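Read off the chains here:
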Amino acid sequence: MNIIIALVIFGIIVLIHEFGHFLFAKLSGVKVVEFSVGMGPRLFSINGKETKYSLKLLPLGGSCQMYGEDEDEDEHGSFNSAPLIGRIATIAAGPVFNFILAFFVAIFIVGNVGVDKPVISNLMDGLPAQSSGLQKGDEIKKINGKNVDFYRDLSTYLFLHQGKDITLTVKRNGNEEKSITITPVYNEKYSQYMIGIESSGYQKLKNPIEVLKYSVLEVKYTVSTTIDSLLYLLHGKANANEISGPVGIVSMIGNTVNESKPYGIFVVLLSLSQMVLLLSANLGVMNLLPLPALDGGRLIFLFLEAIFRRPLNRKVEGYIHLAGFALLMILMVFVMFNDIRRIIL
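Each residue is numbered by its place in its chain's sequence as written, counting from 1. Under the rules for a predicted model, residues below a pLDDT of 70 receive no local features and side-chain atom pairs below 80 are neither given nor counted, while totals for whole chains, interfaces and linings still include all residues. The side-chain figures draw on all heavy atoms in the structure; neither hydrogens nor water molecules are used.

## A few points about the confidence of the model for the chain
And step 1. Summary statistics for the chain give a mean pLDDT of 88 and a share of 96% for residues scoring 70 or more.
And step 2. Helix 5 (residues 246–260) is the least confidently modelled element of the chain, averaging 78 in pLDDT, while helix 2 (residues 84–113) averages 96, the highest of any element. pLDDT is a per-residue confidence score from the predictor, ranging from 0 to 100. Put simply, DSSP H or I for four residues or longer makes a helix, DSSP E for two residues or longer makes a strand, and each gets a number counted from the N terminus.

## Regarding the UniProt feature "transmembrane region" (unreviewed entry) in the chain
And step 1. UniProt positions are given in the numbering used here, feature names are shortened, and annotations may be inferred rather than shown by experiment. According to UniProt, the positions carrying the feature "transmembrane region" (unreviewed entry) are residues 88–115, 263–283 and 319–337.
And step 2. Along residues 88–115 the backbone is 93% helical and 0% strand, and the end-to-end C-alpha distance reaches 36 Å.

## A look at the layout of surface pockets
And step 1. Buriedness of a pocket was judged along seven lines, with at least five required to meet protein on both sides within 12 Å; pockets are open sets of points on a 1 Å grid over the protein atoms alone, cavities are sets where a 1.4 Å probe fits but cannot get out, and lining residues have an atom within 4 Å of a point. Grid points are joined across faces, edges and corners, and a volume is the space filled by probe spheres set on the points. The space that makes up the second largest pocket amounts to roughly 270 Å³.
And step 2. Along the walls of the second largest pocket sit 14 residues, with Ser 155, Leu 158, Gln 192, Tyr 193 and Met 194 positioned nearest its centre.
And step 3. Of all the elements in the fold, those that place two or more residues in the lining of the second largest pocket are helix 3 (152–160) and strand 9 (192–194).
And step 4. Here the lining of the second largest pocket gets four residues from one element, more than from any other, and that element is helix 3.

## Comments concerning the UniProt feature "domain: PDZ" (unreviewed entry) in the chain
And step 1. Per the UniProt annotation, the sites labelled "domain: PDZ" (unreviewed entry) are residues 119–174.
And step 2. Taken as a whole, residues 119–174 contains 16% helix and 32% strand, while its terminal C-alpha atoms sit 11 Å from one another.

## Thoughts on the packing of aromatic side chains
And step 1. Any Phe, Tyr or Trp ring, taking Trp's six-membered ring, that has another such ring centre within 6.5 Å forms a pair; planes under 30 degrees apart are called stacked, those over 60 apart edge-to-face, and the others tilted. All chains considered together, the criterion is met by twelve aromatic pairs.
And step 2. For the pair Phe 150 and Tyr 221, a centre-to-centre distance of 6.1 Å together with 85° between the ring planes defines the contact as edge-to-face. Placement of Phe 150 in the loop between strand 5 (146–147) and helix 3 and of Tyr 221 in helix 4 (residues 208–234) is noted, with a sequence separation of 71 residues between them. We note that Phe 150, like Tyr 221, is buried.
And step 3. An aromatic cluster is present here, built from Phe 19, Phe 22, Phe 24, Phe 35, Tyr 53 and Phe 97 joined pairwise through their rings.
And step 4. By definition here, charges over rings are those cases where NZ of Lys or CZ of Arg is within 6 Å of the ring centre and within 35 degrees of the ring normal. The ring centre of Tyr 221 lies 5.0 Å from the NZ or CZ of Arg 152, which sits over that ring. Here the term buried applies to any residue with accessible area under 20% of the maximum for its type, exposed to any over 50%, and partly exposed to those in between, with areas from a 1.4 Å probe on protein chains only.

## What about the pattern of salt bridges?
And step 1. Whenever Lys or Arg places a side-chain nitrogen within 4 Å of a carboxyl oxygen from Asp or Glu, that contact is recorded as a salt bridge. One pass over the full model with this rule turns up 13 salt bridges.
And step 2. Close ionic contact of Lys 117 with Glu 210 constitutes a salt bridge, the shortest N to O distance being 3.7 Å. Within this pair, whereas Lys 117 is found in the loop between helix 2 and strand 3 (120–123), its partner Glu 210 is found in helix 4, the two being separated by 93 residues in sequence.
And step 3. Under the relative-accessibility criterion, Lys 117 is labelled buried at 19%.
And step 4. Two residues, Asp 149 and Lys 220, come together in a salt bridge whose shortest N-O distance is 3.1 Å. Of this pair, Asp 149 sits in the loop between strand 5 and helix 3 while Lys 220 sits in helix 4, and the two are 71 residues apart along the sequence.
And step 5. Residue Asp 149 is classed as buried on the basis of its relative accessible area of 17%.
And step 6. On the accessibility criterion, Lys 220 (41% relative accessible area) is partly exposed.
And step 7. Taken together, the shared-partner salt bridges connect Asp 116, Arg 152 and Glu 218 into one network.

## Some details on the domain arrangement of the chain
And step 1. Split into domains, the chain comes out as domain 1 (1–112 + 268–344) and domain 2 (116–201).
And step 2. Each domain's limits were defined by an automated method or a database of domain assignments. In this structure, domain 1 and domain 2 have C-alpha centres spaced 39 Å apart.

## A word on helix 3
And step 1. In terms of burial, helix 3 is largely enclosed, as seven of its nine residues are buried.
And step 2. Every buried residue belonging to helix 3 is among Arg 152, Asp 153, Leu 154, Thr 156, Tyr 157, Leu 158 and Leu 160, and all of these are buried.
And step 3. Residues are treated as being in contact if the distance between any of their heavy atoms lies within 4.5 Å. Each element contacted by the buried residues of helix 3 is listed here: strand 4 (139–143), strand 6 (166–172), strand 9, strand 10 (197–199) and helix 4.

As structure tokens, then:
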């Protein structure tokens, strides 16, 4: 059952992403040859007026195959025959639709759970915050100059910048601002760097405008954390056990269902919604990376076309994207192997 739930979640996220490409391809006059969810052999397909709609065996991706894409083809209805702005919108629409999905899911979560506002409720004994000048009721506004929207911004920042001094800008008594510098210490019990403050917990929101505002901030937080995590990885600070692919995500979704099940179906639904928000925003960010075969890589070529007022060699571009796709498949195999190894061991 957990595997089925994970497949449904993957399917929804991929479907929304590919539908973004599909919709703007149609609006731009581009013929869509095949719209598919999944990869590998087809399980079944339906032929539309000009598009084949397919469900494929491996629920690890999807595609919106457009006529003439990655080819030197300028016939009417081909991708290259569409106006440049239409092609840019078509490629960008996939990630943008993932962010839109994340936003609507965030509305459901924030509307029912509320938000963890960055207000200090307690200072823990024997830890740096107690002697730093921080007080109960202080609202954290910035960490080292970076805006803070949620209490979890602090724990995320401490994890990604382990052991480094932080300067908190806090608002006191509603208007007075103070800047306080603290050196986090490593806590053996919690296996993490801490400064010793506690949150005031989640607060329900009654104003619909606030719900919308914090839903946008939830998506912003997830996108920002994804980018920061990628930089953390590129700097060599993460090990293989901290990287998860499809198999690891299925396992994570299963654990989420099992842990929330005793609290009722609504809590399970909220927990799964959090996973959809996280995965959808992550997919949006990852696809915008300027790498061949990804949407971000394709956008780079389109932006270069806009700058030079002519397309680059399309055959060369096609080969570059093909090579990028092959490298991505190799990376996927490595990550899946790592997932399976971690689960078995």
